[in-house]
Amino acid sequence: MEFFKRQTNIPFMRLKKVTTVIALIMCIGAAFLLITKGLNYGLEFTGGTQIELRFNSPISIEQAQQVLENGGFAHARTQHYGSTQDVLVRIANVNGQSGTAETQLQDKIAAAFANDNIPMEVRRIEFVGSEVGQQLAVQGGMAVVLAILATMAYIVLRFEYRFAISAALGLAHDALLVLGIFVLFDIEFDLAALAAILAVVGYSLNDKIVVFDRVRENFRVIREGSAEDIMNGAINQTLSRTIMTSVLTLLVVLALLFFGGESLFSFSLALTLGIVIGTYSSIYVASALAILFGLSRKDLLPKPKAMLDDMP
């Protein structure tokens, strides 16, 4: 099944220098935002308190949020879990301060809802220390870096080192831009968003591997044409597959984004951004960089038998 009825012949690599410069500028901008402003880390990273509340009757998130704000919890975040009678409250540490003692916090929350004549019970309170949160942030960053390094090693073994470098830079581009958007719009970055970043690295890598595999095949089959022509042909040949895979995946992720609720928002948003950015980078970043790094036919053609026989 093909998305296009006829084989496309779009000269993608004609813009390779322009798209590389644009990608570089956007990455620098995203890195600048990360350094100067920083991510809006969620409770798992900053430390704080998570409280599970059970109400006698359904309550809206807006009503619960308003009651908590009136009770002095201006920075509290609320969401339903399980049912509309169950509310999860997250209160992050502010300016590095440790959370209020559990008993005091429980009494203060109970008093806030009692003032509005809303019966409820506190089912569970969990406290996350700031040191644990910082450790999670460091380990999460290491996980992303190690994932990119592992993909480089895989591509070097399967293809060629120019592909490995361009793919690694493309994956770093994808992750950096997603993080930059989270910083730019001050979106909370939690463990679910971190998991989505790792998923984006895997998804984007698969896109790039498909293109690179077709490039290698074309170099061995097509005897004429420059490296740029071969790359253009490979991208056009896999374009239908790329579009259909991305669109169908986006449909599922967009359903999570719009109907999954607040608990899945950061995860589905990071995936949505990653799929779009990753699809773009597979064509205009990783592929373009491979050409700019000097990829040629001889780099991918199998060694002549005579050379193999002379090898020890």
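This write-up is about the structure you can find in this document. As the structure is a computational prediction, the values presented were derived from the model and not from experiment. (Residues numbered from 1 in each chain as written. Predicted model: local features only at pLDDT ≥ 70, side-chain atom pairs only at ≥ 80, totals over all residues. Heavy atoms only, no water.)

Before going further, it helps to spend a moment on the overall build of the protein chain. Across its full length, the protein chain carries eleven helices and six strands. Split into buried and exposed, the 312 residues of the protein chain put 44% on the buried side. Taking the intrachain contacts of the protein chain between residues at least 6 apart in sequence as the baseline, contacts between residues at least 24 apart amount to 79%. Surface summary for the protein chain: the accessible area is close to 16600 Å², and the carbon and sulfur share equals 61%. (Helix = DSSP H or I, 4+ residues; strand = E, 2+ residues; numbered from the N terminus. Buried < 20%, exposed > 50% of the residue type's maximum accessible area, 1.4 Å probe, protein only. Contact = heavy atoms within 4.5 Å. Areas by Shrake-Rupley, 256 points an atom, 1.4 Å probe, with all protein chains shown as cover.)

To continue, consider helix α3 (residues 61–70). A turn of α-helix holds 3.6 residues, and therefore any two residues three or four places apart point the same way. Listed in full, the buried residues belonging to α3 are I61, A64, Q65, V67 and L68. Buried residues of α3, viewed axially, fall in a sector of 160 degrees; they line one side. Away from the buried face of α3 by more than 90 degrees, exposed residues E62 and N70 are located. Backbone geometry just downstream of α3 places G72 in the positive-phi region, at approximately 105 degrees. (Arc of directions from axis to C-beta.)

This paragraph deals with the nonpolar core. Membership of the largest hydrophobic core comes to 57 residues, with the highest contact counts inside it found for I155, F163, F182, F189, V215 and M231. Ranked by residue count, the leading element in this core is helix α7 (residues 191–221), at 13 residues. (Core = buried A, V, L, I, M, F, W, Y, C linked by side-chain atoms within 4.5 Å.)

With that settled, consider the side chain of T279. Along the chain, T279 turns up in helix α10 (residues 265–292). There is a polar contact of 2.8 Å between the side chain of T279 and the side chain of S246. Excluding residues within four positions of it along the chain, T279 makes contact with Y203, D207, T242 and S246. (Polar contact = N/O pair within 3.5 Å; in protein donor to acceptor, adjacent residues only side chain to side chain.)

Further remarks concern the sheet that holds strand β4 (residues 83–92). The four strands lie next to each other as β3-β4-β2-β5, forming an open sheet whose pairing is antiparallel. Only two strands of the sheet have a single neighbouring strand rather than two, namely β3 (77–81) and β5 (120–128). The average angle at which neighbouring strand axes cross in this sheet is 20 degrees, direction not considered. Pairing between strand β2 (residues 48–55) and β5: eight bridges, direction antiparallel. When the bridges of β5 are listed, E52 appears paired with R124. (Pairing = 2+ DSSP bridges. Axes fitted to C-alpha atoms, helices over the stretch in contact; angles between N-to-C directions.)

Where α7 contacts helix α9 (residues 239–259), the axes come no closer than 11 Å and their chain directions differ by 165 degrees. Between α7 and α9, the crossing angle belongs to the class labelled roughly antiparallel. Crossing of α7 against α9: the hand is right-handed. Residues Y203, N206, D207 and V210 of α7 lie in contact with α9, whose contacting residues are R241, T242, T245, S246 and T249. Taken together, the residues that form the contact of α7 with α9 break down as two nonpolar, five polar and two charged. (Parallel < 35°, antiparallel > 145°, perpendicular 65-115°, else oblique. Left-handed = near helix turned anticlockwise from the far one by under 90°. Nonpolar A, V, L, I, M, F, W, Y, C, P; charged D, E, K, R; others polar.)

All right, on to the layout of surface pockets then. One number sums up the size of the largest pocket: a volume of about 400 Å³. In terms of lining, the largest pocket is formed by 17 residues, of which the most central are L39, G140, G141, V144 and L179. Among the elements that make up the lining of the largest pocket, the one with the highest residue count is helix α5 (residues 130–158) (six residues). (1 Å grid on protein atoms, 1.4 Å probe; cavity = no way out; pocket = protein on both sides within 12 Å on 5 of 7 lines; lining within 4 Å. Points joined across faces, edges and corners; volume = space filled by probe spheres on them.)

Before going further, it helps to examine unusual backbone geometry. At N117, a residue that is not glycine, the phi angle is positive and equals roughly 55 degrees. Positive phi, close to 55 degrees, is recorded for D186, a residue that is not glycine. Tracing the sequence through the fold places D186 in the loop between α6 (161–184) and β6 (188–189). You can call D186 partly exposed: its relative accessible area is 46%.

Within this structure, the stated rule accounts for ten salt bridges. Notably, a salt bridge pairs R54 with D86, separated by 2.3 Å at the nearest N-O pair. Of the two residues, R54 sits in strand β2 while D86 sits in strand β4, which places them 32 residues apart along the sequence. Overall, D86 belongs to the buried group, its relative accessible area being 5%. Taken together, the salt bridges that share partners define one network made up of E52, R124 and E126. (Salt bridge = Lys/Arg side-chain N within 4 Å of Asp/Glu carboxyl O.)

Moving on, we come to a nonpolar patch on the surface. Together, L15, V18, I22, M26 and Y280 make up an exposed nonpolar region whose accessible area comes to about 410 Å². By residue number, the principal contributor to the nonpolar patch is helix α1 (residues 16–36), which donates three residues. Along the polypeptide, M26 turns up in helix α1. Using a relative accessible area of 43% as the deciding quantity, one classes M26 as partly exposed. (Patch = residues over 30% accessible without salt bridge, like charges linked within 9 Å, V, L, I, M, F, W, Y side chains within 5 Å.)

A few words on α1. Over its 21 residues, α1 extends 30 Å from the first C-alpha to the last, a length consistent with the 30 Å expected when each residue adds 1.5 Å. Buried within α1 we find K16, T19, A23, C27 and A30. Viewed along the axis of α1, the buried residues span an arc of 70 degrees, placing them on a single side of the element. Facing away from the buried side of α1 by more than 90 degrees, the exposed set consists of K17, L24, I25, I28, F32 and I35. In the core, the buried residues of α1 are packed alongside α6, α8 (227–237) and α10. Following α1 by one or two positions, G38 adopts a phi angle in the positive range, close to 85 degrees. (Expected span 1.5 Å × (residues − 1).)

All quantities given are derived from atomic positions and should not be read as evidence of function.
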